[in-house]
Number of protein chains: 2
Amino acid sequence: MSLHGKPIVAGAIFQSSGSTFKAFSPINTHPLEPLFENASAACIHTALTSASEAFRSYRKISNEQRASFLDAIAEEILSLGDTLLERANLETGLPLDRLTGERGRTVGQLRLFASVIREGSWADARIDSPLPARQPLPRPDLRSILVPIGPVVVFGASNFPLAFSVAGGDTASALAAGCPVIVKGHPAHPGTCELVATAITKAAQQLGIHPGVFSMVHGNTPEVGMALVSHPLCRAVGFTGSLKAGRALFDAAHQRPEPIPVFAEMSSLNPIFLLPDALRTKAAQIAEGLKNSITIGVGQFCTKPGIVFAQDGPDLQTFLTHLSHSIGSTVPGTMLHSGIRDAFEAASKQLSKIPRVQLLARAPHSPDTSKTQAIPLVLVTDSQTFERESALHEEVFGPITLIVKSASHEELLQLANGLSGQLTATVHANEPDMEHARDLFSVLEQKAGRLLLNGFPTGVEVSHAMHHGGPYPSTTHSRFTSVGAAAIQRWVRPVCFQNFTPDFLPAELRDANPTGLMRIFDGQLTRNAI
Amino acid sequence: MSLHGKPIVAGAIFQSSGSTFKAFSPINTHPLEPLFENASAACIHTALTSASEAFRSYRKISNEQRASFLDAIAEEILSLGDTLLERANLETGLPLDRLTGERGRTVGQLRLFASVIREGSWADARIDSPLPARQPLPRPDLRSILVPIGPVVVFGASNFPLAFSVAGGDTASALAAGCPVIVKGHPAHPGTCELVATAITKAAQQLGIHPGVFSMVHGNTPEVGMALVSHPLCRAVGFTGSLKAGRALFDAAHQRPEPIPVFAEMSSLNPIFLLPDALRTKAAQIAEGLKNSITIGVGQFCTKPGIVFAQDGPDLQTFLTHLSHSIGSTVPGTMLHSGIRDAFEAASKQLSKIPRVQLLARAPHSPDTSKTQAIPLVLVTDSQTFERESALHEEVFGPITLIVKSASHEELLQLANGLSGQLTATVHANEPDMEHARDLFSVLEQKAGRLLLNGFPTGVEVSHAMHHGGPYPSTTHSRFTSVGAAAIQRWVRPVCFQNFTPDFLPAELRDANPTGLMRIFDGQLTRNAI
């Protein structure tokens, strides 16, 4: 399957677009064919205009039709077979078995959202029956339900070229909600983006859905992203990436004459607290688990633990010896692209030079820059240094973590209190640690979107109860998740229908409850007809 | 009951605050005692710090305790008796019967939120059971629920001195969610604010709730509001007021190092479309209803219809004759304060001077400025003038509406398409109009938060299915309502607990489901224990 390198807008290749760029394989730093075209202003305008046109019909098709569309996308992605996996491997350096798993996750996400909208209760249907005889004023018939907000712009992430990219969770949830999607493909894996965009386009064609429901444009400059977010027809933005880029889009979206929401997942240290008894009895086990959590995917997960807090003492020393040994057994890994690798190297050097920050361990082999490699490393410092040095509070993307030694439990609590917003926070505790664990979780609940007891934060389940979000700067909207069934809630708003005749109402709000969803009728949850 | 005029911070009168101001009675433009003190920076800092301290315990008390607190506030407000109603009447000019009704609404809101949190299902509890044998990776135990976000700053509105003020819907819903509240009282009714703040303070004392859970500060300068929104401990903002003030707070909140959400309800034209057959058969009835909807509360409702679209012709002429006659029967009314009255006068004059905008009717009596009066008026124009003149697209607060004559149904649709975001949009239609009504609603659903068929938008029911919100500029967050049970959703965020032992979990997430709420268990809604 040959790649054309052009934007795919409303079911067709968009001609006469902007400047070009090439992707490079991190495996060998060689350039990859073909040239990819940045989206021109005309291309972006066509994509948004087509999305707006498509929205008129797409928002009205049945839940079953939308669910079938999501299922068809999943099938088309699987039909790409090894072509997709091989291109993604070339562009990202991620191993084929990891990419096979990620494809399964991507397909699973699409099918999860299909099941969510087939069941229908997510839409929060509410009915207040009329009270015509009420004094002093009658109550009218009121019925409300969530409706889609319109065209959504999605920014794919580099570290999940399938699951957080063109047909990732943002796209799947927005299409499920009834919103057309324009994806800004990640320039590090543009060929993968093109392949998946083709799969979505085919699925739309098969089901006779307006082609404007989906477009994918390339952009290796900030201007493309800004033009998408600033376009008047864009109604919301989904983003996964760096704090700097996410905040820039957030600011631009809020400075529009008509501000729009930006759901950006950006930055997290994912702190881990090791309490004394756990440290005493499980030092080797926790060290091995931590090493795995730091190094999986070459540390390129948004849930990589970047900081570990523990009380100083002999048990911590034992733990550090185990961790040092574990890290010593790791090997260099190829990062997603040279920009990420260079940023990792620079940040690692910068942190290592901070007075009172020591290198605990690093993998024994030198990284091969021609293979875009990095090696895992662990730094150690004390709590005063941590509190003083703001650089130690910033996420470093890659296989690095910082151990912070604290003098007491009170100091651990103080360190927890000083944390900014996080995606996750973890406590390792045995039974004798539980009172202290409770204190810590009481603080951490205000800092993070997911709390773990005796676990590691890497590995984000795609399910109903998952929350992948958290206070700023981990995301821009702590109310919403970007992973799991609830992610659909980002792309909708309620509309209340007052005194409507049945044929004007959405099916979900008619007396008979023909789709059988759970509704709030006069304040009571029920699936009953009225 | 004598008033002291000082901020009430964490259960006590705050001494040594800032500059002072007086309120004036709009009934006779006389100054009212006492002097009120603007909040100093120290006062604001104390209020936020106390709220943050109170949050530690308040977020953990049981739903029943929080519900009892809301019920106790309702009782304390009722205990203020005529003192409250008389002061509110003096400060706002609103008649005592209207204020009695509004007090009932305010108390009803508090009790509604008490019932919502007693039932508990609003908190979106979700449980995914562990799958330890799953390949290639086990699934952990995942449980999520909504938790309060922290101290909320509420800006009271001038037009509902009870229901959208100190103990209004924002405060009631935030306290229900578990968030401490700092209210910036409206400077047009500071005595009313003080009385209600005292009631809330008493209720907190009765129930032994940390006094920092509630503070009320005065401010007749933009600086007080900005200082509250910019304070690092403020976690969210509720606002009802003008577009200018709301946008300024929204911008300030988003430019913080750590941005926070601002739920501002600001501006709406509440368009009404009159379709031909309805106009033909119900001209007199619609004219009378429209007159009532324009003039109720001297036009000072956020849902006052500010614009009416209809096809030109003999039936519209008949309707305009009826409307003119109806408006001719109205009398001057006292507005909330001279600032609002002056703005109304200025805007009415400005719009009347636009070429091709004609005065259709006005109340026959001259307004008495010493009683802060305004008189209802209706303007008429054509669709070209409306589309050209941006001033005609802005809300004028007060008893004024603009009739826009259109040449065809297609032009009506085009006018609907050109509207900005609205709280409400209404269509009057008979059976022969239904196809056209359907076309219009299809457009209006994208423009407004509440759609009405054959009704008038004034009168916002406090219920489960109500949505009082809409796309910008009607609000800053179309996803959320400021009225009704769902308003609680603004003050929470989800937290997911992974691999937690039962005693660490909130009661709502324990296997036994001791509080009996509806939960999503492995994707299925159920009240069952596990």
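Not measured: the values here are computed from a predicted model.

### Quick look at the sheet that holds strand 15 (residues 358-362) of chain A
The strands making up a sheet are joined through hydrogen bonds of the backbone, oriented either antiparallel or parallel.
Link 1 in the chain: Overall, mixed pairing links the 12 strands, which are arranged 15(A)-17(A)-18(A)-13(A)-12(A)-19(A)-20(A)-21(B)-6(B)-5(B)-22(B)-23(B) in an open sheet. Among the strands making up the open sheet, the edge pair consists of strand 15 of chain A together with strand 23 (524-526) of chain B. Taking each pair of neighbouring strands and ignoring which way they run, the sheet shows an average axis angle of 20°.
Link 2 in the chain: Here helix 11 (residues 314-328) of chain A sits on the sheet and contacts strand 13 (307-311), strand 15, strand 17 (377-382) and strand 18 (400-406) of chain A; the angle it forms with strand 15 of chain A, its principal contact strand, is near 50°.

### A closer look at the relation of the copies chain A and chain B
Link 1 in the chain: In screw terms, the move from chain A to chain B is a rotation of 180° and a rise of 0.0 Å along the axis, fitting with an RMSD of 0.0 Å. Both chain copies can therefore be described as sitting about a two-fold axis. Measuring from the rotation axis to each C-alpha of chain A, the shortest distance belongs to His254 of chain A, at 3.7 Å.
Link 2 in the chain: Comparing contact sets, 100% of the residues at the interface of chain A also lie at the interface in chain B, consistent with an isologous, same-surface contact.

### Description of the interface of chain A and chain B
Link 1 in the chain: With 52 residues of chain A at the contact, the number on the chain B side is 52 residues.
Link 2 in the chain: Listing elements by their share of the side of chain A that touches chain B, those giving two or more residues are strand 5 (125-128), strand 6 (142-148), helix 15 (434-444), strand 20 (448-453) and strand 21 (492-498) of chain A.
Link 3 in the chain: Here the element with the most residues in the side of chain A that touches chain B is strand 21 of chain A; it accounts for six residues.
Link 4 in the chain: Of the residues that constitute the side of chain A that touches chain B, the class distribution is 22 nonpolar, 19 polar and 11 charged.
Link 5 in the chain: Sheet analysis places strand 20 of chain A next to strand 21 (residues 492-498) of chain B, joined by three bridges and oriented parallel. Residue pairing for strand 21 of chain B: Leu452 of chain A is matched across the bridge by Gln498 of chain B.

### Description of the nonpolar core
Link 1 in the chain: Leu70, Ile73 and Val237 of chain A together with Leu70, Ile73 and Val237 of chain B are the most contacted members of the largest nonpolar core, which has 351 residues in total.
Link 2 in the chain: With near-sequence residues (within four places) excluded, Leu70 of chain B lies in contact with Leu110, Arg111, Phe113, Ala114, Ala172, Leu175 and Ala176 of chain B.

### Here's the deal with the packing of helix 7 (residues 222-230) of chain A against helix 8 (residues 243-255) of chain A
Residue and element names in this part refer to chain A.
Link 1 in the chain: At a minimum axis separation of 9 Å, helix 7 and helix 8 run at an interaxial angle of 35°. Between helix 7 and helix 8 lies a crossing whose hand is right-handed. Residue-level contacts link Gly225, Met226, Val229 and Ser230 of helix 7 to Leu249, Ala252 and Ala253 of helix 8.
Link 2 in the chain: For the contact of helix 7 with helix 8, a count of residues per class yields five nonpolar, two polar and no charged.

### Let's talk about the sheet that holds strand 2 (residues 12-13) of chain B
Residue and element names in this part refer to chain B.
Link 1 in the chain: Here seven strands make up an open sheet; going across it, the order is 2-1-9-8-7-10-11 and the pairing mixed. Of all strands in the sheet, those with a lone pairing partner are strand 2 and strand 11 (262-265), marking the two edges.
Link 2 in the chain: Pairing between strand 8 (residues 181-184) and strand 9 (residues 214-217): four bridges, direction parallel. Across the sheet, Ile182 pairs through a bridge with Ser215, a residue of strand 9.
Link 3 in the chain: Sheet strands touched by helix 8 (residues 243-255): strand 10 (236-240) and strand 11. Its angle to strand 11, the strand with the most contacts, is close to 170°.

### Section: unusual backbone geometry
Link 1 in the chain: Going from Glu33 of chain A to Pro34 of chain A, the amide bond is cis rather than trans, its omega being -5°.
Link 2 in the chain: Turning to its location among the elements, Pro34 of chain A is positioned in strand 4 (residues 31-37).
Link 3 in the chain: With an omega of 5°, the peptide bond between Tyr472 of chain A and Pro473 of chain A qualifies as cis.
Link 4 in the chain: Even without glycine at this site, Ala10 of chain A takes up a positive phi of about 50°.
Link 5 in the chain: For Ala10 of chain A, the location among the structural elements is in the loop between strand 1 (8-9) and strand 2 (12-13).
Link 6 in the chain: The exposure class assigned to Ala10 of chain A is buried, which follows from the 22 C-beta atoms found within 10 Å.
Link 7 in the chain: Positive phi is not limited to glycine here, since Val298 of chain B has a value of about 55°.
Link 8 in the chain: Looking at where Val298 of chain B falls in the secondary structure, it is placed in the loop between helix 9 (276-295) and strand 13 (307-311).

### Focus on the confidence of the model for chain A
Link 1 in the chain: Looking at chain A as a whole, the pLDDT averages 97, with 100% of positions reaching at least 70.
Link 2 in the chain: Interface confidence in the predicted complex, given as ipTM, is 0.98; pTM for the same model is 0.98.

### Description of the domain arrangement of chain A
Residues and elements named next belong to chain A.
Link 1 in the chain: With domains assigned, chain A is organised as domain 1 (8-14 + 34-266 + 481-490) and domain 2 (272-453).
Link 2 in the chain: With centres defined by C-alpha atoms, the gap from domain 1 to domain 2 works out at 34 Å.
Link 3 in the chain: Of the residues assigned to the side of domain 1 that touches domain 2, the class counts are one nonpolar, four polar and one charged.

### Description of the pairing of strand 18 (residues 400-406) of chain B
Residue and element names in this part refer to chain B.
Link 1 in the chain: Among the seven residues of strand 18, seven are classified as buried, and the element is accordingly described as predominantly covered.
Link 2 in the chain: Burial along strand 18 is two-sided: Ile400, Leu402, Val404 and Ser406 facing one way and Thr401, Ile403 and Lys405 facing the other are all buried.
Link 3 in the chain: Inspection of the sheet shows strand 13 paired to strand 18 by five bridges, in the parallel sense. Residue Ile307 lies in a different strand from strand 18, and its bridge partner there is Leu402.
Link 4 in the chain: With six bridges connecting them, strand 17 (residues 377-382) and strand 18 associate as parallel partners. Bridging across to strand 18, Val380 finds its partner in Ile403.

### Some words on the environment of Asn513 of chain B
Residues and elements named next belong to chain B.
Link 1 in the chain: Note on placement: Asn513 falls in the loop between strand 21 and strand 22 (519-521).
Link 2 in the chain: For the pair Asn513 and Ile530, spaced 17 residues apart in the sequence, the C-alpha separation amounts to 7.7 Å.
Link 3 in the chain: Ignoring any residue separated from it by four or fewer positions in sequence, one finds Asn513 in contact with Arg519, Arg527, Asn528 and Ala529.

Criteria and thresholds
- Residues numbered from 1 in each chain as written.
- Chains lettered and ligands numbered in written order.
- Predicted model: local features only at pLDDT ≥ 70, side-chain atom pairs only at ≥ 80, totals over all residues.
- Pairing = 2+ DSSP bridges.
- Helix = DSSP H or I, 4+ residues; strand = E, 2+ residues; numbered from the N terminus.
- Axes fitted to C-alpha atoms, helices over the stretch in contact; angles between N-to-C directions.
- Contact = placed C-beta atoms within 7 Å.
- Least-squares fit on C-alpha atoms with pLDDT ≥ 70 in both.
- Nonpolar A, V, L, I, M, F, W, Y, C, P; charged D, E, K, R; others polar.
- Core = buried A, V, L, I, M, F, W, Y, C linked by C-beta atoms within 7 Å.
- Buried ≥ 20, exposed ≤ 12 C-beta atoms within 10 Å, placed from the backbone.
- Left-handed = near helix turned anticlockwise from the far one by under 90°.
- pLDDT = per-residue confidence, 0-100.
- Domains from an automatic or database assignment.

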